[in-house]
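The residues making up each chain are set out below.
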Amino acid sequence: MLFSSSKATPLKEASVEFTDSQKTETWSDSDGSLLDFSEHQNIPALSSCRGGHCGACAVQLLEGEVIYEPQPTAEVGGREVLLCCAKPVTAHIKLKI
Ligand code: FES
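Cut-off values and rules
- Residues numbered from 1 in each chain as written.
- Predicted model: local features only at pLDDT ≥ 70, side-chain atom pairs only at ≥ 80, totals over all residues.
- Heavy atoms only, no water.
- Helix = DSSP H or I, 4+ residues; strand = E, 2+ residues; numbered from the N terminus.
- Rg over C-alpha atoms; globule rule 2.2 N^0.38 Å.
- Buried < 20%, exposed > 50% of the residue type's maximum accessible area, 1.4 Å probe, protein only.
- Contact = heavy atoms within 4.5 Å.
- Areas by Shrake-Rupley, 256 points an atom, 1.4 Å probe, with all protein chains shown as cover.
- Polar contact = N/O pair within 3.5 Å; in protein donor to acceptor, adjacent residues only side chain to side chain.
- Pairing = 2+ DSSP bridges.
- Axes fitted to C-alpha atoms, helices over the stretch in contact; angles between N-to-C directions.
- Salt bridge = Lys/Arg side-chain N within 4 Å of Asp/Glu carboxyl O.

(A) Highlighting the overall build of the protein chain. The helix and strand tally for the protein chain stands at one helix and seven strands. Put simply, the protein chain runs from its N terminus to its C terminus through helices and strands in the order β-β-α-β-β-β-β-β. For the protein chain, whose C-alpha radius of gyration is 12 Å, the value lies close to the compact-globule estimate of 13 Å for 97 residues. Projecting the C-alpha coordinates of the protein chain onto the three principal axes gives extents of approximately 30 × 30 × 25 Å. The proportion of buried residues among the 97 residues of the protein chain is 40%. Within the protein chain, contacts between residues at least 6 apart in sequence are counted, and of these 54% link residues at least 24 apart. Of the roughly 5100 Å² of accessible surface on the protein chain, 46% is carried by carbon and sulfur atoms.

Listed below in structure tokens is the structure:
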């Protein structure tokens with residue numbers, strides 16, 4: 001399962017592995033969305049609307065689960081997540097980026 005139910009809440013901290021960039025960093029609640037976090041880590045993430053509407057920030061989630069805050073309107077493939085709206089809800093997630 002890639003997404004948690006809407007009742008799940010983001011963790012205070014999670015380990016985020018960026019497989020293409022070969023980096024693993026600790027995300028915390030104050031880092032915001034996984035798009036904000038990726039950019040702060042100098043991971044090359046695509047983006048446009050930053051609000052879940054365009055789909056530009058979609059990447060493959062290889063491991064773990066995320067929750068969307070806010071809920072996006074863009075549609076993505078079954079193993080993709082929209083970084084601009086996503087936060088981890090498992091202690092470790094793996095992103096193909
Ligand atoms: S940047 Fe547009 S959906 Fe994430």
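(B) View of the side chain of S33. Along the polypeptide, S33 turns up in the loop between β2 (23–28) and α1 (34–40). A distance of 3.1 Å separates a polar atom in the side chain of S33 from the backbone nitrogen of D36.

(C) The arrangement of the environment of L83 in detail. Note on placement: L83 falls in the loop between β5 (80–82) and β6 (86–88). Owing to a relative accessible area of 0%, L83 belongs among the buried residues under this scheme. The sequence separation of L83 and G32 amounts to 51 residues, and the corresponding C-alpha distance is 10 Å. In this structure, L83 is in contact with S33, L34, L35, S38, A45, C57, V59, L95 and I97, ignoring residues within four places of it in sequence.

(D) Broad picture of the environment of P88. Structurally, the position occupied by P88 is in strand β6. For the pair formed by P88 and Q71, sequence separation is 17 residues and the distance between their alpha carbons is 14 Å.

(E) Geometry of the sheet that holds strand β3 (residues 58–63). As summarised here, the arrangement of the five strands in space is β2-β1-β7-β3-β5, forming an open sheet in which the pairing is mixed. A single partner strand is all that each edge strand has here, and the edge strands are β2 and β5. Neighbour to neighbour, the strand axes of the sheet diverge by 40 degrees on average, direction disregarded. Relative to strand β7 (residues 92–96), β3 is paired through three bridges, and the arrangement is antiparallel. Bridging from a neighbouring strand, L61 pairs with L95 of β7.

(F) Quick peek at the pattern of salt bridges. Under the criterion given, the structure shown has six salt bridges. Here R50 and E39 are joined by a salt bridge, their closest N and O atoms 2.9 Å apart. In this pair, R50 is assigned in the loop between α1 and β3 and E39 in helix α1, connecting sequence segments 11 residues apart. Residue classification places R50 among the partly exposed positions, given a relative accessible area of 38%. With its nearest N and O atoms 3.6 Å apart, the salt bridge here joins E69 to K87.

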